[in-house]
Structures are given as C-alpha cells and as structure tokens.
Amino acid sequence: MSKTEAVTGGCQCGAVRYRIEGALGPSGFCHCRMCQKAFGSFGAPLVSVPHDQFHWTRGTPAVFHSSPIVQRGFCRDCGTPLFMLEEGHGVIEMAIGSLDDPSIAAPDHVVGIESKLAWADTLPTLPSHSTDDDRTPEDLAKLKSLQHPDHDTADWPPLR
C-alpha cells in the first residue's frame, strides 16, 4: 500500500465504518486473555494506526474498558470487535479482520504468549477444506452473506 492510498474498514453489519489515511504501522497477534475474551477467540490480530491518520466515517462504536487504561471498541449492533486503545500509546490498534482488505496487514510479531492456548500451534497441522467441500449447493445458497460489502457504500443497509 502506498502512503497516499486510503485503507477502509468496518463492522460486519455496516453500522460502523472507518478510514485510514497513510501507511499502517506494525501488525501483531496477541494471545493475552483480555484479547481472547474481547474477540471471543484464541487471540486477536491487530494493526497499529497513528491517531492522526484515523477517523470514523459512519457510526460510533461502543466501548468497554477492559482495564483502567485500555478501551475495547465494537459495533453495538452486530458485535464485531473493532479496536483496542491503550491510554498514552499514541496509536489505535485496529482489528485486522475489520479491514476491507485484511491481507495487507500480515502480523510480524506475537505477544501475550503467557496466555497462549496450548493447542494454538497445532492449527496449521489440522486437516482443512473449503466451505463448499461439505455443503450441498442448496445449503450454500442459504449461506448468502447479509454482511456489509468490503468497501465503502453511500447508504447501508441497502433498500430492499
């Protein structure tokens, strides 16, 4: 991504959207217990963004204080985890999965390993397959996505 190229993202339902102007900072994966709870997962992939390069373009996230100095932001409508904001840190840590193109923010470090689940390292060794490997065409048709597309829209939800 070039420094002049904007990065956009948002929640699953489209109620909250954001824009990043400029280069992304370091990306990492956190295994700490607070990130596990905030993401409902075994950890959290996050990318650093300087405050002055970031702004909300639609809606306002809900915020939960997970510690006296850390805020966790999420969509109050669909629950998508969006950010971690540590007081005095100078950056907002955005959930990589909330980027419209999460492939641009591959993690380059891992933190919080004191809470890392013992099975986390076995994931790449597990048998894997695509969604349509074990679904009928009829089942796949029922899985039609209702989530916001991976780009900005003038209005959301669309008129039905």
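**Student:** Explain the nonpolar core to me, please; I cannot follow it from the model alone.
**Tutor:** The biggest cluster of nonpolar side chains holds 18 residues, and the ones touching the most others in it are I20, M94 and L99. Those elements giving two or more residues to this core turn out to be β2 (17-21), β4 (44-50), β8 (81-86) and β9 (91-95). In this structure, C30, C35, A44 and L46 belong to the second largest nonpolar core, which totals five residues.

**Student:** Is there a simple way to explain the sheet that holds β2 in this structure?
**Tutor:** Strands in a sheet are paired, the pairing made by backbone hydrogen bonds, and the direction either parallel or antiparallel. Spatial ordering of the open sheet is given by β1-β2-β5, a layout of three strands whose pairing is antiparallel. If you trace the sheet from one side to the other, it starts and ends with β1 (6-10) and β5 (54-58), each paired once. Averaged over neighbouring strand pairs, the angle between their axes works out to 25° when direction is ignored. Here β1 pairs with β2 via five bridges, running antiparallel. Counted as the bridge partner of A6 is E21 from β2.

**Student:** Can you help me understand the pairing of β9 in this one?
**Tutor:** Look at any regular strand and the pattern is simple: side chains alternate between the two faces of the sheet. Among the five residues that make up β9, five are buried, leaving the element largely enclosed by the rest of the structure. Side chains V91, E93 and A95 of β9 all project onto a buried face; the interleaved residues I92 and M94 project onto the opposite face, where all are buried too. Summarising the sheet, β4 and β9 pair through five bridges and their orientation is antiparallel. Each residue of the ladder has a partner; that of S48, found in β9, is E93. Both β8 and β9 contribute to a ladder of two bridges, which runs antiparallel.

**Student:** Explain the pattern of salt bridges here, please?
**Tutor:** Where charged atoms from two side chains of opposite charge come close, those side chains can pair. In total, this model carries four salt bridges according to the counting rule given. The shortest N-O distance in the salt bridge between R19 and E21 comes to 2.5 Å. Taking relative accessible area as the criterion, R19 reaches 28% and is therefore assigned partly exposed. Assessed through its relative accessible area of 34%, E21 is described here as partly exposed.

**Student:** Sorry if this is basic, but what is going on with the layout of surface pockets here?
**Tutor:** Any empty space left between atoms is shown by rolling a water-sized probe over those atoms. Volume-wise, the largest pocket comes out at about 220 Å³. As for the largest pocket, its lining consists of 18 residues, of which G10, Q12, T80, G97 and S98 are closest to the centre. Its residues placed into classes, the lining of the largest pocket shows eight nonpolar, seven polar and three charged.

Quick notes on the rules
Residues numbered from 1 in each chain as written. Predicted model: local features only at pLDDT ≥ 70, side-chain atom pairs only at ≥ 80, totals over all residues. Heavy atoms only, no water. Core = buried A, V, L, I, M, F, W, Y, C linked by side-chain atoms within 4.5 Å. Buried < 20%, exposed > 50% of the residue type's maximum accessible area, 1.4 Å probe, protein only. Helix = DSSP H or I, 4+ residues; strand = E, 2+ residues; numbered from the N terminus. Pairing = 2+ DSSP bridges. Axes fitted to C-alpha atoms, helices over the stretch in contact; angles between N-to-C directions. Salt bridge = Lys/Arg side-chain N within 4 Å of Asp/Glu carboxyl O. 1 Å grid on protein atoms, 1.4 Å probe; cavity = no way out; pocket = protein on both sides within 12 Å on 5 of 7 lines; lining within 4 Å. Points joined across faces, edges and corners; volume = space filled by probe spheres on them. Nonpolar A, V, L, I, M, F, W, Y, C, P; charged D, E, K, R; others polar.

Read these as spatial facts, not as claims about activity.
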